[in-house]
Amino acid sequence: MRLVKNKRRVLTWSLSMWCVYLAGLFELAPYIVPYLDDWIPPWLSILFLVASPIARLIHQPDLKENDNGR
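Predicted model, so just to flag it, every value in this text is computed and none were measured. (Residues numbered from 1 in each chain as written. Predicted model: local features only at pLDDT ≥ 70, side-chain atom pairs only at ≥ 80, totals over all residues. Heavy atoms only, no water.)

S.K.: Which residues make up a nonpolar patch on the surface, and what are the values?
M.R.: The grouping of Leu11, Trp18, Val20, Tyr21 and Leu49 at the surface amounts to a nonpolar patch, some 450 Å² of accessible area in total. Here the nonpolar patch gets three residues from one element, more than from any other, and that element is helix α2 (residues 15-32). Within the secondary structure, Trp18 is located in helix α2. (Patch = residues over 30% accessible without salt bridge, like charges linked within 9 Å, V, L, I, M, F, W, Y side chains within 5 Å. Areas by Shrake-Rupley, 256 points an atom, 1.4 Å probe, with all protein chains shown as cover. Salt bridge = Lys/Arg side-chain N within 4 Å of Asp/Glu carboxyl O. Helix = DSSP H or I, 4+ residues; strand = E, 2+ residues; numbered from the N terminus.)

Okay, structure coming up:
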């Protein structure tokens, strides 16, 4: 196992992390704006969490490390 050198780029641009961010947003939104509780289905955050490992398998060439390590 090798850790990624450019953690910020991976955390902001990887598809699997965006699925986790959206799942968290859909879980917290009804607490912040209460009337959204009836609009957001409860299974939507679970759907994004299930999609995150699948999104991890998608090839994302923009996340490659450069030859100079940046």
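S.K.: I'd like a rundown of the side chain of Gln60, residues and numbers included.
M.R.: Residue position: Gln60 is located in the segment after α3 (44-56). Given the relative accessible area of 18%, Gln60 is considered buried. A distance of 3.3 Å separates the side chain of Gln60 from the backbone nitrogen of Leu15, its partner in a polar contact. Non-local contacts of Gln60, meaning those with residues more than four positions away in its chain, are made with Trp13, Ser14, Leu15 and Ala55. (Buried < 20%, exposed > 50% of the residue type's maximum accessible area, 1.4 Å probe, protein only. Polar contact = N/O pair within 3.5 Å; in protein donor to acceptor, adjacent residues only side chain to side chain. Contact = heavy atoms within 4.5 Å.)

S.K.: Could you give me a rundown of the layout of surface pockets, with the residues and numbers involved?
M.R.: Of the volumes computed, that of the largest pocket is approximately 360 Å³. Together, 13 residues line the largest pocket, and Val4, Val10, Ser14, Arg56 and Leu63 are the ones closest to its centre. Tallied by class, the residues present in the lining of the largest pocket amount to six nonpolar, three polar and four charged. (1 Å grid on protein atoms, 1.4 Å probe; cavity = no way out; pocket = protein on both sides within 12 Å on 5 of 7 lines; lining within 4 Å. Points joined across faces, edges and corners; volume = space filled by probe spheres on them. Nonpolar A, V, L, I, M, F, W, Y, C, P; charged D, E, K, R; others polar.)

S.K.: Tell me about α2, and please be specific about residues and values.
M.R.: For α2, spanning 18 residues, the distance from its first C-alpha to its last is 25 Å, which sits close to the expected 26 Å at 1.5 Å a residue. Within α2 the residues assigned to the buried category are Ser16, Cys19, Ala23, Ala29 and Pro30. Against α3 lie the buried residues of α2. (Expected span 1.5 Å × (residues − 1).)

S.K.: Explain the packing of aromatic side chains residue by residue, including any values.
M.R.: In total, this model carries two aromatic pairs according to the counting rule given. Measuring from centroid to centroid gives 5.5 Å for Trp18 and Tyr21, while their planes differ by 85°, and the two rings are edge-to-face. With Trp18 and Tyr21 both in helix α2, this residue pair falls three residues apart, about one helical turn. Pairing Phe26 with Phe48 gives two aromatic rings, centres 5.6 Å apart and planes at 20°, and the pair type is stacked. Note that Phe26 is positioned in helix α2 and Phe48 in helix α3, a separation of 22 residues in sequence. Under the relative-accessibility criterion, Phe26 is labelled partly exposed at 23%. (Phe/Tyr/Trp six-rings, centres within 6.5 Å; stacked < 30°, edge-to-face > 60°.)

S.K.: Break down the environment of Asp37 for me, citing the residues and quoting the values.
M.R.: Within the element layout of this structure, Asp37 appears in the loop between α2 and α3. Residue Asp37 is classed as exposed on the basis of its relative accessible area of 51%. Here the alpha-carbon distance between Asp37 and Glu27, two residues 10 residues apart in the chain, equals 9.6 Å.

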